[in-house]
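The lines below spell out each chain.
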2 protein chains.
Amino acid sequence: MNIFITKNAGFCFGVKRAINIAFKAAAEDKNGTYTLGPIIHNPQVVQKLADEGVKEIEDINQGNIRSIIIRSHGVRPEVYSDIKTKGYRIIDATCPFVKNAQRHADILKKEGYQVIIIGDKEHPEVKSILGYAGSKAIVVGSVEALQSVKLRKKVGIVAQTTQHYGNVVSIVRECLKTVRELRVFNTICDSTHVRQEATKELAKKVDVMIVVGGRCSANTGRLAEIAREIGTETYHIEVPDELREEWFDGIENVGVTGGASTPDWAINAVIERIKEINKRR
Amino acid sequence: MNIFITKNAGFCFGVKRAINIAFKAAAEDKNGTYTLGPIIHNPQVVQKLADEGVKEIEDINQGNIRSIIIRSHGVRPEVYSDIKTKGYRIIDATCPFVKNAQRHADILKKEGYQVIIIGDKEHPEVKSILGYAGSKAIVVGSVEALQSVKLRKKVGIVAQTTQHYGNVVSIVRECLKTVRELRVFNTICDSTHVRQEATKELAKKVDVMIVVGGRCSANTGRLAEIAREIGTETYHIEVPDELREEWFDGIENVGVTGGASTPDWAINAVIERIKEINKRR
């Protein structure tokens, strides 16, 4: 049995950076450092970090806090001032690509544009960008959602970093029908798209796909969907114990991929277990 | 026989304004006022203006000049300074929509954008905008032409006022693939599109289409093409004398349209002649 791994499986740049920052903070100040919300949507990583003494809080009034880690999704600017007011240290692990989107939303607001954020309004990253875009900014997920928006003459656009290029182009096209000045900051980070394309290509070549990552991780779930859309038998698991020997009966080629919040060690553990299963065949 | 006229036939706003300015200038200073290039692409109008004492020059060193009329297409900024150096009075009949495109090209240049002008590089309007866009600006007519352009991270777009929305959107879409900041000034003037759509709709309803306007007028020629594409028998004429009685044999419904540089009196003269032909039938 051959095992293939997608080239871009696992942590994206921003997640890797945030995790490194969090573990470094844990080493420096055990039990006084907290993450505001789960550092990433992967319970195994959150647990590992908790084992090192960095726990999750939902509210900065909880716990015996000395330092607060801002996770990769970022937060609204008011949260920084609230933390400062409390006298806590801020450890900022906001993804630099998200920071970029926040900064450009702020520029557009200050320069008098009607700000449109293309993304999912329930996503913490979008909520953080919205904090910089001002109270009049609008979050739009699709061209259809744009229909109910009264566009002004001068419109500025930023996108959630995981947005699909095609969706951004569709919204830009619609805006150009009426807007006189349209300023688009292309704040998309390619890594989502690259990972999805790699998963799609691998799924075409193998008999079964194992997608490793948190069940609550939207981007990992999406990878499993993509592999299934190809028509390949696909299993989404968090840990090696979930693997079943019968999935590999009569199978020649296995593909393995992981989401942006899936650590390498989790992917490697799954691969090792598949190798063991193969040996027993 | 029924005669139908498209709602938007004839002079667009910018042409009407330029013609009014030119005739007003003729009344004020006969024989000392010149237009730099033909005021519009309609020989009958150019002749009428010449009869009033305003002739065309190609070069500001020709003629016994006191005043120079800048036609609706506009000119490069150097031309203004050259005229001023000569001590001539400038009568600026540049279309306000073209002025708008020039002004925005200038803003983009000054704010450090790589300026792209979407349009026909041979058209005088585009040449005038290019004068404001700086020496590094690029004129692009199509997505294909963009392939050979090395796009920078910060790109600004203005469009020739007669550009088609679909072409602008295609180029914007292509730019968004690599550009990080794209600032689009939608400088398209709707009148071209509105006139073309009205011609298309009328051509569908009638048995024969008469398109009135200068043979050198690109926009009038395009109206005739559009009517022919519908499959309607179409004739492009400049003056009523070109009409032939046999065109209307057995015809129930006639459509009449005119380009942006076709004066109302030219269209009306054609309609009167068609009515005479109808009476004789």
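Small disclaimer: the values here were computed from a predicted structure and weren't measured. Along every chain, residues carry numbers that run from 1 in the direction the sequence is written. Written order decides the labels, with chains lettered from A and ligands numbered from 1. Reporting in this predicted model follows two pLDDT cut-offs: at least 70 for local features of residues, and 80 or more for side-chain atom pairs to be given and counted; totals over whole chains, interfaces and linings ignore these cut-offs and use all residues. Computation of side-chain values covers all heavy atoms of the structure but excludes hydrogens and water.

Asker: Even after reading the chapter, I still don't get the overall build of chain A, so can you show me in this structure?
Answerer: Secondary structure elements follow DSSP: runs of H or I no shorter than four residues count as helices, runs of E no shorter than two count as strands, and numbering proceeds from the N terminus. Each helix and strand counted, chain A has 10 helices and 12 strands in total. Radius of gyration means the value over C-alpha atoms here, while the globule rule gives 2.2 Å times the residue count to the 0.38 power. For 281 residues, the compact-globule estimate of 2.2 N^0.38 gives 19 Å, and the C-alpha radius of gyration of chain A, at 21 Å, lies within 12% of that figure. Dimensions along the principal axes, computed over C-alpha positions, put chain A at roughly 65 × 50 × 25 Å. Any residue under 20% of the maximum accessible area for its type is buried, any over 50% is exposed, and the rest in between are partly exposed; the area is computed with a 1.4 Å probe on protein chains only. By the burial criterion, 53% of the 281 residues in chain A qualify as buried.

Asker: Help me understand the environment of A:Ala137 in this model?
Answerer: All names here are of chain A. Note on placement: alanine 137 falls in the loop between helix 5 (124–133) and strand 7 (138–140). Sequence separation between alanine 137 and glutamine 114 is 23 residues; the distance between their C-alpha atoms is 6.4 Å. Should any heavy atoms of two residues lie within 4.5 Å, those residues are considered in contact. With residues up to four places along the chain from it excluded, the contact list for alanine 137 reads Val115 and Leu130.

Asker: What is the right way to read the packing of helix 4 (residues 96–110) of chain A against helix 5 of chain A from this model?
Answerer: Residues and elements named next belong to chain A. Two numbers describe how helix 4 lies on helix 5: the axes approach to 7 Å, and their chain directions differ by 30°. Classified by the angle their axes make, helix 4 and helix 5 are roughly parallel. Helix 5 is crossed by helix 4, and the crossing has right-handed handedness. Across the interface between the two elements, Val98, Ala101, Gln102, Ala105, Asp106 and Lys109 of helix 4 pack against Glu125, Ser128, Ile129, Tyr132 and Ala133 of helix 5. Here the term charged refers only to Asp, Glu, Lys and Arg, the term nonpolar to Ala, Val, Leu, Ile, Met, Phe, Trp, Tyr, Cys and Pro, and the term polar to all other amino acids, Gly among them. Of the residues contributing to the contact of helix 4 with helix 5, the split by class is six nonpolar, two polar and three charged. As a rule, the C-alpha atoms of each element are fitted with a line to give its axis, helices using only the stretch in contact, and angles between N-to-C directions run from 0 to 180 degrees. Any angle that falls under 35 degrees is termed roughly parallel, while one over 145 is termed roughly antiparallel, one within 65 to 115 roughly perpendicular, and all others oblique. The handedness criterion is simple: a crossing whose near helix is rotated anticlockwise from the far helix by less than a right angle is left-handed, and one whose near helix is rotated clockwise is right-handed.

Asker: Would you mind going over the relation of the copies chain A and chain B with me for this structure?
Answerer: Copies of the same chain, two in number, are related to each other by a rotation about an axis and a translation along it. Note on the identical chains: chain A maps onto chain B by a rotation of 180° and an axial translation of 0.0 Å, with an RMSD of 0.0 Å. Look at the turn and shift together and you get a two-fold axis relating the two. The C-alpha atom lying nearest the rotation axis in chain A is that of A:Arg183; the distance is 2.1 Å. Of the residues that chain A buries at the interface, 100% are likewise interface residues in chain B, meaning the two copies contact each other through the same surface. The superposition of copies rests on a least-squares fit of C-alpha positions from residues with pLDDT of 70 or more in both.

Asker: How do you make sense of the side chain of A:Thr234 when you look at a structure like this?
Answerer: Residues and elements named next belong to chain A. Along the polypeptide, threonine 234 turns up in strand 11 (residues 233–237). Counted as a polar contact is a pair of N or O atoms within 3.5 Å, where, for protein atoms, one must be capable of donating a hydrogen and the other of accepting one, and residues adjacent in sequence contribute only when both atoms are in side chains. Looking at threonine 234, its side chain comes within polar contact range of the main-chain oxygen of threonine 232, at 2.8 Å. Ignoring any residue separated from it by four or fewer positions in sequence, one finds threonine 234 in contact with Met209, Val211, Ala224, Ala227 and Arg228.

Asker: Honestly, helix 10 (residues 264–280) of chain B in this entry has me stumped. Any pointers?
Answerer: Within an α-helix, residues lying three or four positions from one another point in the same direction, as the helix has 3.6 residues per turn. All names here are of chain B. Expected span, for any helix, means 1.5 Å times one less than how many residues it has. End to end, helix 10 covers 25 Å across 17 residues, agreeing with the expected 24 Å (1.5 Å per residue, within 8%). For helix 10, every residue scored as buried is listed here: Ala266, Ile267, Val270, Ile271, Ile274 and Ile277. Looking down the long axis of helix 10, one finds its buried residues gathered within 135° of arc, a one-sided arrangement. Those residues of helix 10 that are exposed and aimed more than 90 degrees away from the buried face are Lys279 and Arg280. Think of the arc as the fan of directions from the helix axis to the C-beta atoms.

Asker: Whenever I open this one, the packing of aromatic side chains confuses me. Can you help?
Answerer: Each pair of aromatic rings taken from Phe, Tyr and Trp, with Trp reduced to its six-membered ring, is defined by centres within 6.5 Å and is described as stacked if the planes are under 30 degrees apart, edge-to-face if over 60, and tilted in the remaining cases. Taken as a whole, this structure holds four aromatic pairs over all chains when the rule is applied. Look at B:Tyr235 and B:Trp247: their rings are 3.7 Å apart centre to centre, the planes differ by 5°, and that puts the pair in the stacked class. In this pair, B:Tyr235 sits in strand 11 (residues 233–237) while B:Trp247 sits in the loop between strand 11 and strand 12 (253–258), placing the two residues 12 residues apart along the sequence. Each member of the pair, B:Tyr235 as well as B:Trp247, carries the same accessibility label: buried. When the NZ atom of lysine or the CZ atom of arginine is within 6 Å of a ring's centre and also within 35 degrees of its normal, the charge is said to sit over that ring. Lying across the ring of A:Trp265, A:Lys48 places its NZ or CZ 4.2 Å from the centre.

Asker: Would you mind going over the interface of chain A and chain B with me for this structure?
Answerer: Accessible area lost upon the coming together of the parts is a frequently used measure of interface size. Contacts between the two partners involve 18 residues from chain A and, on the opposite side, 18 residues from chain B. A combined buried area of about 1,800 Å² lies between chain A and chain B, and 48% of that area is made up of carbon and sulfur atoms. On the chain A side of the contact with chain B, A:Leu176, A:Arg180 and A:Asn186 bury the most area, a combined 34% of that side's loss. Any carboxyl oxygen of Asp or Glu that lies within 4 Å of a side-chain nitrogen of Lys or Arg is treated as forming a salt bridge with it. Here chain A and chain B share two salt bridges between them. Among the ionic pairs, A:Glu181 bridges to B:Arg183, the shortest N-O distance being 2.7 Å. For the interface between chain A and chain B, the tally reads 14 residue pairs in polar contact (both at pLDDT 80 or more). Breaking the side of chain A that touches chain B down by element, the ones donating at least two residues are helix 7 (165–176) and strand 9 (181–185) of chain A. At six residues, helix 7 of chain A tops the list of elements feeding residues into the side of chain A that touches chain B. Buried area is calculated as the accessible area (1.4 Å probe) missing from two parts once they are joined, with the contributions of both summed.

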